[in-house]
Amino acid sequence: MKIAVIGTGYVGLVTGTCLAETGNEVVCVDIDASKVEKMRQGIVPIYEPHLDLLFERNIKANRLSFTTSLEEGLEHGDIIFLALPTPEDEDGSADLSYVLGVSEEIGKKIKQYKVIVDKSTVPVGTSEKVHAVIAENAICEFDVVSNPEFLREGFAVDDFLKPERIVVGSSSDRATELMQKLYRPFVRSGNPIIVMDEKSAELTKYAANSFLATKITFMNEIANYCEKVGADVDKVRVGMGTDSRIGKRFLFPGIGYGGSCFPKDVKALQKAGKEEDYDFKILNAVIDVNQKQKTILLPKMDDYFGDLSGKKIAVWGLAFKPETDDIREAPSIDMMNGLLEKGASLSVFDPEAMPNIKRKFGEKLSYADSMYAALKDADALLICTEWSIFRTPDLNKIKDLLKSPVIFDGRNLYNVNDLQSEGFTYISIGRNE
Ligand code: UGA
């Protein structure tokens, strides 16, 4: 099938590349000429495991190409994916100016039937707005479909190629059939393509992300309470998670959720509720608890040192989660700002996110070449992201390099007894210490 993807951010690129992988001819459109030029040379502009391999092979096979011309994309695609940014407005709502701006152009330019697919995370009612904006100028038939994505950064390729479900919001049989044909190769295992109305599809995305953020936040509160009463959240987590109604996943406590999705989507749903005079009390609490959770280790560090001023802290993990260079809303940022305010100096390391953190913090931090180099003469180690390479470190080396063997762990990477028997002071989240 012939596909156009408008917007080559993280969602657009993964969508375009993975759709090319199943034999579709995909043209990706972006207004950024230098980015388009780089992509034409096979350079993937984001860090996402396995994407480079698929990218290269589909460009070579002439199934994946790039242009700055919206017209060219619209001419080519029978299905037009909108993968445009919906940034958070100052008031927390989603800014639709990119989506509606491009929709207006689509209305002016299409000459024959097209399916316009909204992949961006957009508030309920957006597909109606997109439809209305296109209809103002369109001289041919078209349908608008809502098709939210459920990709996790770091696993996006796998999530796209083997989705647990595809949600299609469509009220046109013609468009639904085309979408089913497009996605059938991805659900051969029998996973469902769930067809519903557009509004329900739009809300499904917000509800799913907000539920997951709530699940994590609930566990964070249980972890905080465990500390008060001397229980161990690891045991509570396993005890709860083995109930299939609860499930084992997304129950890991830590220093809060971050990223470009959960924080933005929870706030947008909260705001959308307010507009309908509906107060999402749960979401209010989730936002509040998560904000506090991001710096939950700060008072513990304060207590331990008495005074953090002049202390050197090594920080492992800066990205909001492993397998990404994304630092948006990363808990590490709140922790580091808190430590800097208290007069500590920081020596930091992350396998992928160092350039992004450097752009944000500049000279305020010292950037180590390796995880161990960060430790040299530091008073303690702070872990903010659970990258695999931090999971089984050389404990003797850590002891040798740190001034004293102290670890504050925001991701509960190690066994408490193991670390204590090695002589470490080990302070983590919600466990017996
Ligand atoms: C999330 C959803 O998982 C995807 O399904 C969705 O498509 C995506 O948002 C999106 O809307 O685009 P992502 O933000 O990439 O994906 O990352 P997750 O793996 O979901 O992690 C989000 C945050 O929750 C991270 O900060 C992570 O550290 C935290 N988390 C996750 C926990 O603190 N505990 C857990 O048990 C799981």
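Residues numbered from 1 in each chain as written. Predicted model: local features only at pLDDT ≥ 70, side-chain atom pairs only at ≥ 80, totals over all residues.

- An unreviewed UniProt entry lists the chain under the name UDP-glucose 6-dehydrogenase, with Constantimarinum furrinae given as the organism.

Focus on the UniProt feature "active site" (unreviewed entry) in the chain
Then comes step 1: The UniProt record marks C261 with the feature "active site" (unreviewed entry), using the residue numbering of this structure.
Then comes step 2: Among the structural elements, C261 can be located in the loop between α10 (233–241) and α11 (262–275).
Then comes step 3: Judged by the 24 C-beta atoms lying within 10 Å of it, C261 falls in the buried class. (UniProt positions renumbered as here; feature names shortened; annotations may be inferred. Helix = DSSP H or I, 4+ residues; strand = E, 2+ residues; numbered from the N terminus. Buried ≥ 20, exposed ≤ 12 C-beta atoms within 10 Å, placed from the backbone.)

Let's talk about the UniProt feature "binding site: NAD(+)" (unreviewed entry) in the chain
Then comes step 1: Mapped onto this structure's residue numbering, the UniProt feature "binding site: NAD(+)" (unreviewed entry) falls at D30, K35, T86, T121, E153, K264 and R328. These annotated residues cover 299 residues of sequence, and their C-alpha atoms reach 25.4 Å apart at the extreme, placing them across more than a single site.
Then comes step 2: Mapped onto the fold, T121 is located in the loop between β5 (114–118) and α6 (126–135).
Then comes step 3: In this view, T121 contacts T86, P148, K205 and D265; residues no more than four positions away in its chain are not counted.
Then comes step 4: Tracing the backbone through its elements, the reader meets E153 in the loop between β6 (142–146) and α7 (156–161). (Contact = placed C-beta atoms within 7 Å.)

A look at the nonpolar core
The nonpolar side chains of a soluble globular protein tend to be buried, and buried together.
Then comes step 1: Core analysis: the biggest nonpolar cluster contains 118 residues, and I6, I80, F81, V315, L381 and L382 have the highest contact counts within it.
Then comes step 2: With near-sequence residues (within four places) excluded, L381 lies in contact with A314, W316, L375, I398, L402 and I407. (Core = buried A, V, L, I, M, F, W, Y, C linked by C-beta atoms within 7 Å.)

Some details on the site of the ligand
Then comes step 1: The environment of the ligand is made up of 20 residues, and the closest members are E153, F252, Y257, G259 and C261.
Then comes step 2: Among the elements that make up the shell around the ligand, the one with the highest residue count is helix α9 (residues 198–229) (three residues).
Then comes step 3: A breakdown of the residues in the shell around the ligand according to their chemical character gives 11 nonpolar, five polar and four charged.
Then comes step 4: There are two domains that each give the shell around the ligand at least three residues, and those are domain 1 (2–196) and domain 2 (205–292). (Near = placed C-beta within 6 Å. Nonpolar A, V, L, I, M, F, W, Y, C, P; charged D, E, K, R; others polar. Domains from an automatic or database assignment.)

Observations regarding the domain arrangement of the chain
Then comes step 1: On domain assignment, one finds that the chain holds domain 1 (2–196), domain 2 (205–292) and domain 3 (294–427).
Then comes step 2: Averaged C-alpha coordinates put domain 1 and domain 3 at centres separated by 38 Å.
Then comes step 3: Across the boundary between the two partners, domain 1 contributes four residues, which contact seven residues of domain 3.
Then comes step 4: Split into classes, the residues belonging to the side of domain 1 that touches domain 3 amount to two nonpolar, one polar and one charged.

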